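For reference, the chains in residue letters:
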Amino acid sequence: MHKTLLLYHSGYGHTRKIVERIRARLVEKGVDAHAAPLDDENLEPAEYDRIVLGASIRNGKHKQPVHAFIERHRQLLEQRPSGFFSVNLVARKPGKNTPETNPYVKAFIEKCPWKPDLVGVFAGNLDYQRYSFMDRNIIRFIMWLTRGPTDPQTNREFTDWDEVDRFADAIAGLGERSRAA
Ligand SMILES: Cc1cc2nc3c(=O)[nH]c(=O)nc-3n(C[C@H](O)[C@H](O)[C@H](O)COP(=O)(O)O)c2cc1C
């Protein structure tokens with residue numbers, strides 16, 4: 001059985017929520033799946049057969065620890081069947097909700113030395129009341145620019161959970177072909 005590691009880097013917990021959904025779906029399918037934050041010091045990624053990394057966008061970028069992790073574990077990531085997904089609010093828009101059309105994912109794939117076998121993108125959530133004063137204002141400005149909700153009481157999940165489940169199913173199939181060959 002494949003041991004699957006689902007890593008996340010999450011600011012306000014939404015990427016973690018997506019990873020938990022993926023983990024639950026994999027476990028349902030009989031996959032040995034483990035979820036952990038990227039900075040878990042007890043983690044030994046080499047012990048896993050498949051590695052998937054999820055990270056959210058903050059102010060136009062995946063945060064520095066995401067790039068540092070990829071740099072540090074690049075060889076391992078290239079040796080294992082692997083996946084990456086990004087969570088951001090631009091992905092709520094039709095036409096920007098696939099790895100081929102989402103600007104953050106396109107830039108990531110173009111620049112990143114690691115080429116994951118599976119790439120996904122999911123729309124995140126918007127919960128103004130949970131953000132710090134500064135973050136709330138940054139996001140309201142981004143929403144204003146992109147014609148999204150600016151009402152500070154907005155609490156909305158844009159994530160397409162069926163799409164997340166399909167991504168989980170694709171993870172379950174990762175590496176199966178090479179193993180069968
Ligand atoms: C401070 C801040 C900055 C953000 N910047 C962007 C951005 O530049 N582009 C975007 O599409 N989404 C942006 N988002 C939206 C997040 O990517 C989205 O809310 C996601 O669900 C956050 O997931 P997390 O809780 O796992 O960090 C931002 C969110 C916050 C709180």
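Note: the structure precedes this text.
Predicted model only: the values in this text are computed from it and were never measured.

Engineer: How would you explain the site of the ligand if you had to name every residue and give the values?
Structural biologist: Close to the ligand lie 23 residues; Ser10, Gly11, Thr15, Ser56 and Gly124 are nearest. Going through the elements one at a time, α1 (14–28), β3 (50–58), β5 (82–88), β7 (125–127) and α5 (133–145) are the ones with two or more residues in the shell around the ligand. With four residues, the single largest contributor to the shell around the ligand is α5. Considered class by class, the residues forming the shell around the ligand number ten nonpolar, eleven polar and two charged. Formed jointly, the shell around the ligand draws a minimum of three residues from each of two domains, domain 1 (3–124 + 159–180) and domain 2 (125–158).

Engineer: I'd love a proper account of the environment of Phe85, names of residues and values included.
Structural biologist: Mapped onto the elements, Phe85 comes out in strand β5. Residues Phe85 and Val119 lie 34 residues apart in sequence; the distance between their C-alpha atoms is 5.5 Å. Among residues more than four places away in sequence, those in contact with Phe85 are Gly54, Val119, Gly120, Val121, Phe122 and Phe167.

Engineer: Provide a residue-level description of the packing of α1 against helix α6 (residues 161–173), including the pertinent values.
Structural biologist: For the pair α1 and α6, the least separation of the axes is 9 Å and the interaxial angle reads 55°. Classed by the angle they form, the pair α1 and α6 counts as oblique. Once α1 is placed against α6, the crossing between them reads as right-handed. Of α6, the residues touching α1 (which contributes Ile18, Arg21, Ile22, Arg25 and Leu26) are Trp161, Val164, Asp165, Phe167, Ala168, Ile171 and Ala172. Of the residues belonging to the contact of α1 with α6, the class tally is nine nonpolar, no polar and three charged.

Engineer: So what's going on with the pairing of strand β2 (residues 32–37)? Residues and values would help.
Structural biologist: When strand β1 (residues 3–9) meets β2, the two strands line up parallel, connected through six bridges. Paired with Leu7 across the bridge in β2 is Ala36. Remark: the β1/α1/β2 crossover connection has right-handed handedness.

What counts, and at which threshold
Residues numbered from 1 in each chain as written. Predicted model: local features only at pLDDT ≥ 70, side-chain atom pairs only at ≥ 80, totals over all residues. Near = placed C-beta within 6 Å. Helix = DSSP H or I, 4+ residues; strand = E, 2+ residues; numbered from the N terminus. Nonpolar A, V, L, I, M, F, W, Y, C, P; charged D, E, K, R; others polar. Domains from an automatic or database assignment. Contact = placed C-beta atoms within 7 Å. Axes fitted to C-alpha atoms, helices over the stretch in contact; angles between N-to-C directions. Parallel < 35°, antiparallel > 145°, perpendicular 65-115°, else oblique. Left-handed = near helix turned anticlockwise from the far one by under 90°. Pairing = 2+ DSSP bridges. Right-handed = clockwise from strand over helix to strand, strands pointing away.

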